[in-house]
Amino acid sequence: MNFSKVCLSNPLCRSWITLDAHSASLILLGDLLNRVAENDLFDWSGRSKLIDCISNFIVVRPHIGQTMIEKLLRMLQDPDYRVRFSLARRIGTLFQTWDGHDDLFQDICSNFGAKLVVSSKEKVVTAKEVLAAGPQPHPTMETIIITLMHLAMFSEKIELEAVFMMCVISAIDLSQRELVVAALDNLSRQLQYTSRSKYLEELMGSILFSWVACGVSLVSLVEVRLSELYYFCREERCRSSGVIDMIKIFRPDRVFMVMVLSLDYAD
C-alpha cells in the first residue's frame, strides 16, 4: 500500500502536513530574522521596521520569538532616538505575550544602561547610590521615561513600580520633570482617569512607602506634586487662550516625543 497516497487523500493528514510545513517555514524565517538583527546595516528607519518584525513574530510564534528578546532589548540603547521610541511603543508586546512580568521588567531595566532608583521584592537601589553614580545622559533618561510609561500602560503587575521610578526621575533630575508630567498625563488618560492627579492619588500611598524605603528626599516629593499643580494651571491657561504649546523646547528629539505623546492620546 502506498501510504503517501493514503495520507494525501485524508483531509486531516493534509492539514497536518500543511501546518508542519508552515511551522518549518516560520523556524527558517526566525533564523533569518535573527541573522538580520545581528547585522548593523540599517539606518534608523530599517531598525524601526526590524523592531516591528520581531514584535509581530513574537505574537505569531512566542517560542521562536523568545530567542530574539535579547536583540530587541539591546535597541533600548540605539543611537537614534526614533528607534528607541519605536521600541518603547512596541515593548508592551512582551507583556501581552508572556507571564512573568516581574522578570521581564527587570530584564528591560537592566538594558536601559543607567542606574535607577528601584524598589522591588528582588532588590532595592537607593537614591544615594544613584546620585553617587553621577548624572545620566538626557537622551537615555528620556528613553527610560517613555518606556516606563508604556510598561505601566500594558502591565498592572509592574504599573506601580514603573510610575514610582518615573516620579523619582522627576525628583532627582529637574530637567526631566516636564517630560515625566507629560508621560503621566498621557498614561492617566489612557487608563481613563480624569486627571493625572486623580491617578496618582490612588498610587500615592504605595509610592510614599517606596520613596522612604529608597531614601528619596521627601521635600522632592512635595516639589513633584507642586510641579504637577503648576503644569496643570499652565495647561488650563493654554486651553483658554487657544495656545497649543507655550513651552519652548529646542531639542528635536524632545519635541518628537512630546508630540507623539499627544498623538497617542488623540488616537
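What you see is a predicted model, and the numbers here were worked out from it, not measured in a lab. (Residues numbered from 1 in each chain as written. Predicted model: local features only at pLDDT ≥ 70, side-chain atom pairs only at ≥ 80, totals over all residues. Heavy atoms only, no water.)

1. A few points about the overall build of the chain
Selection rule: Helix and strand definitions here come from DSSP, where helices need a minimum of 4 consecutive H or I residues and strands a minimum of 2 consecutive E residues; each element is numbered from the N-terminal end. Relative accessibility decides the category of a residue: with a 1.4 Å probe and only protein chains considered, values under 20% of the type maximum give buried, values over 50% give exposed, and everything between is partly exposed. Here a residue-residue contact requires only that any non-hydrogen atoms of the pair lie within 4.5 Å. For the area figures, the Shrake-Rupley method with a 1.4 Å probe applies, and any residue is considered shielded solely by the protein chains shown.
The number of helices and strands found in the chain is 15 helices and two strands. In the chain, which comprises 267 residues, the share counted as buried stands at 44%. When contacts within the chain are restricted to residue pairs at least 6 apart in sequence, long-range pairs at least 24 apart make up 69% of them. Surface accessibility of the chain: about 14,700 Å² in total, with carbon and sulfur atoms responsible for 59%.

2. Concerning the packing of aromatic side chains
Selection rule: Any two of the Phe, Tyr and Trp rings considered here, Trp counted by its six-membered ring, make a pair once their centres fall within 6.5 Å; the pair's planes then place it as stacked at under 30 degrees, edge-to-face at over 60, or tilted in between. Whether a charge lies above a ring is judged from NZ of Lys or CZ of Arg, which has to be within 6 Å of the ring centre and within 35 degrees of the ring normal.
Scanning the model with the defined rule gives two aromatic pairs in all. Relative to Trp 211, the ring of Phe 164 has its centre 6.2 Å away and its plane inclined at 80°; by these criteria the two rings are edge-to-face. With a gap of 47 residues between them, Phe 164 in helix H11 (residues 159-172) and Trp 211 in helix H13 (residues 196-213) connect regions that are remote in the sequence. By the burial criterion, Phe 164 is buried, and Trp 211 matches it. Across the ring face of Trp 44, the terminal group of Arg 82 is positioned such that the distance to the ring centre comes to 4.0 Å.

3. Things to note about the environment of Leu 221
With respect to the helices and strands, the residue Leu 221 is situated in helix H14 (residues 218-241). A sequence separation of 54 residues divides Leu 221 from Cys 167, and the C-alpha atoms of the two residues are 8.1 Å apart. Leu 221 has contacts with Met 204, Leu 208 and Trp 211, leaving out every residue within four places of it along the chain.

4. Considering the pattern of salt bridges
This is how the line gets drawn: A carboxyl oxygen of Asp or Glu within 4 Å of a side-chain nitrogen of Lys or Arg is what we treat as a salt bridge.
Enumeration over the complete set of coordinates arrives at six salt bridges. Between Arg 74 and Glu 70 there is a salt bridge, with its nearest N and O atoms 3.8 Å apart. Residue Arg 74 and its partner Glu 70 are both found in helix H5 (residues 69-74); the two are separated by four residues, about one turn of the helix. Classification of Arg 74 as partly exposed rests on a relative accessible area of 41%. We classify Glu 70 as exposed; its relative accessible area is 57%.

5. Side note on a nonpolar patch on the surface
The cut-off we apply is this: Exposure above 30% relative accessible area and the absence of a salt bridge qualify a residue for a patch, where like charges join within 9 Å and nonpolar side chains (Val, Leu, Ile, Met, Phe, Trp, Tyr) within 5 Å.
Together, Leu 208, Val 212 and Leu 218 make up an exposed nonpolar region whose accessible area comes to about 260 Å². Along the chain, Val 212 falls in helix H13.

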